[in-house]
Amino acid sequence: LHCHLKVTPIMRSFSLLQEAIVPYIPTLIGQLTHKLLLVSKNPSKPHFNHYLFESLCLSVRITCKANPATVGSFEEALFPVFTEILQNDVQEFLPYVFQVMSLLLEIHSNSIPSSYMALFPHLLQPVLWERTGNIPPLVRLLQAYLEKGGATIAASAEDKIPGLLGVFQKLIASKANDHQGFYLINSIVEHMPPESITQYRKQIFVLLFQRLQNSKTTKFIKSFLVFISLYCVKYGAIALQEIFDSIQPKMFGMVLEKIVIPEIQKVSGAVEKKICAVGITKILTECPSMMDTEYTKLWTPLLQALIGLFELPEDDSIPDDEHFIDIEDTPGYQTAFSQLAFAGKKEHDPIGDAVSNPRILLAQSLHKLSTACPGRVPSMLSTSLNAEALQYLQGYLQAASVQLV
């Protein structure tokens, strides 16, 4: 009880005093780390444990905000304890350890210290992924690894890429955790050098199609749309079309017709909508087969769907048979995922400042396409785009100060 009473006031003091306690944090960290080592031998007080980790996170945030270089001294103090917790498989503490490690790793500028790389293989062990409570913080930690060290993983841990993709495969097979699988694969596509995953790309799409055939849920579709759009942004529209059609002839057209056009209105979240808008713009304007094959009939409906994504309210309807799918039977004892307030993660925009206004991008891209094939774009618009969508489009063209030829 004695130590239980002390850690909450420490956390409150940290929170209130912020920068004023920076000089004392090395001493405090020594004490907190010592406490952590003691309680990890017998983690019987969940509230105390939670606040202990919150205090660690808060110390990291306050100190590293004042001086990011101090992240190394935290790692020096904490890694030996974390390694012991991982080796002894202290289940109650693992979700916390993964969150603190993510917080530390995210502070690094774009490089990954060798101490993290030494732990990387352990994070892919199947036993860790069996426990529901580990999944959100572990996925976040792997995302931090990919963001800071995608090139390092490709160069020095190439043999671990199949393990990484094995985690993705396990997650997308689960209705409860499929979105976590997409977080992971999106980070792989965004941060791994393209050549390091070339040999696995087709298999990734095959796995996604298998899941689509077996159980197509709204949540899965939304994540799938963001993924294929991000893939298109990263590797180009031709690469997306080619990979679909390599799995099955005319598959690209089927995906556009049966999934993208009817379902794009369901995508939620500003960053997600932006990724989809940029991806669809590329399909419309940088994919020759959209202009010259049987896919051409989908060009205007796809443009109409994109304008709908910009202008219509989001479709948040969920089919009746999907309301209870988030609860899966998970056998045995599970540590619930305990989110640390002070380990929060900033939202990440993979497109960033490259595109500030997707409507302007659409207008500029259509203008460029129309100069490459004069007359085609205006005639496609006038025959089959509805009047309201056409009006919106004219507004985008005006705002971008461009015309179609």
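Cut-offs and rules
- Residues numbered from 1 in each chain as written.
- Predicted model: local features only at pLDDT ≥ 70, side-chain atom pairs only at ≥ 80, totals over all residues.
- Heavy atoms only, no water.
- Helix = DSSP H or I, 4+ residues; strand = E, 2+ residues; numbered from the N terminus.
- Areas by Shrake-Rupley, 256 points an atom, 1.4 Å probe, with all protein chains shown as cover.
- Lys, Arg positive; Asp, Glu negative; His and termini not counted.
- Charge placed at Lys NZ, Arg CZ, Asp CG, Glu CD.
- Expected span 1.5 Å × (residues − 1).
- Buried < 20%, exposed > 50% of the residue type's maximum accessible area, 1.4 Å probe, protein only.
- Contact = heavy atoms within 4.5 Å.
- Core = buried A, V, L, I, M, F, W, Y, C linked by side-chain atoms within 4.5 Å.
- pLDDT = per-residue confidence, 0-100.
- Salt bridge = Lys/Arg side-chain N within 4 Å of Asp/Glu carboxyl O.
- Axes fitted to C-alpha atoms, helices over the stretch in contact; angles between N-to-C directions.
- Parallel < 35°, antiparallel > 145°, perpendicular 65-115°, else oblique.
- Nonpolar A, V, L, I, M, F, W, Y, C, P; charged D, E, K, R; others polar.

1. A word on the overall build of the chain
At step 1: Check the secondary structure of the chain and you find 21 helices and zero strands.
At step 2: The principal-axis extents of the C-alpha atoms in the chain amount to approximately 80 × 45 × 45 Å.
At step 3: For the chain, the computed accessible surface area is about 18700 Å², with 55% contributed by carbon and sulfur atoms.
At step 4: Of the side chains in the chain, 32 bear a positive and 37 a negative charge, and the two mean positions are spaced by 3 Å.

2. Here's the deal with helix H5 (residues 94–107)
At step 1: The end-to-end C-alpha distance of H5, which contains 14 residues, comes to 20 Å, matching closely the 20 Å that a straight helix rising 1.5 Å per residue would cover.
At step 2: With twelve of 14 residues buried, H5 is to be regarded as a mostly interior element.
At step 3: Leu94, Pro95, Tyr96, Val97, Phe98, Gln99, Val100, Met101, Ser102, Leu103, Leu104 and Leu105 are the residues of H5 that are buried.
At step 4: Close packing links the buried residues of H5 with helix H3 (46–66), helix H4 (71–87), helix H6 (114–123), helix H7 (126–129) and helix H8 (135–156).

3. Considerations on the nonpolar core
At step 1: In terms of nonpolar packing, the biggest core is built from 139 residues, with Tyr145, Phe224 and Trp299 touching the most fellow members.
At step 2: Per element, the largest residue contribution to this core is eleven residues, and it comes from helix H13 (residues 218–235).
At step 3: The contacts of Tyr145, once residues within four sequence positions are left out, are Met101, Leu105, Ile112, Tyr116, Met117, Leu119, Phe120, Leu123, Gly150 and Ile153.

4. Section: H13
At step 1: The terminal C-alpha atoms of H13 lie 26 Å apart, and with 18 residues this matches the ideal 26 Å at 1.5 Å per residue to within 8%.
At step 2: Among the 18 residues of H13, 14 are classified as buried, and the element is accordingly described as predominantly covered.
At step 3: Of the residues trailing H13, Gly236 is marked for its positive phi of about 100 degrees.

5. Re the environment of Gln394
At step 1: Relative to the elements of secondary structure, Gln394 occurs in helix H21 (residues 387–399).
At step 2: Taking relative accessible area as the criterion, Gln394 reaches 45% and is therefore assigned partly exposed.
At step 3: Between the alpha carbons of Gln394 and Leu404 there is a distance of 9.8 Å; along the sequence they are ten residues apart.

6. Considering the confidence of the model for the chain
A low pLDDT score tells you not to read the predicted coordinates there in detail.
At step 1: Mean pLDDT over the chain stands at 91; residues scoring 70 or higher make up 92%.
At step 2: Scored below 50 in pLDDT, residues 1–5 makes six contacts in the model with residues more than four places away or belonging to other chains.
At step 3: Overall, residues 326–335 carries pLDDT values under 50, and its contacts beyond four positions in sequence, including any with other chains, amount to 16 contacts.

7. Quick notes on the environment of Glu158
At step 1: Secondary-structure assignment places Glu158 in the loop between H8 and helix H9 (161–172).
At step 2: Between the C-alpha atoms of Glu158 and Leu369, which are 211 residues apart in sequence, the distance is 40 Å.

8. Quick word on the pattern of salt bridges
At step 1: The tally for this structure, following the rule as stated, stands at 15 salt bridges.
At step 2: In this structure, the salt-bridge partner of Lys170 is Glu130, at a minimum N-O distance of 3.6 Å. Of the two residues, Lys170 is situated in helix H9 and Glu130 in the loop between H7 and H8; the sequence distance between them amounts to 40 residues.
At step 3: Asp178 is paired through a salt bridge with Arg211; the nearest N and O atoms lie 2.9 Å apart. Of this pair, Asp178 sits in helix H10 (residues 178–191) while Arg211 is found in helix H12 (residues 201–214), placing the two residues 33 residues apart along the sequence.
At step 4: For Arg211, a relative accessible area of 6% gives the class buried.
At step 5: Overlapping salt bridges bring together Asp178, Arg211 and Lys219 as one network.

9. Topic: the packing of H13 against helix H15 (residues 251–263)
At step 1: Contact pair H13 / H15: the axes reach a minimum separation of 10 Å and the direction vectors enclose 110 degrees. Here H13 is positioned roughly perpendicular relative to H15, judged by the angle of their axes. Across from Ile221, Phe224, Leu225 and Ile228 in H13, the residues of H15 making contact are Val255, Ile259, Val260 and Glu263.
At step 2: Of the residues assigned to the contact of H13 with H15, the class counts are seven nonpolar, no polar and one charged.

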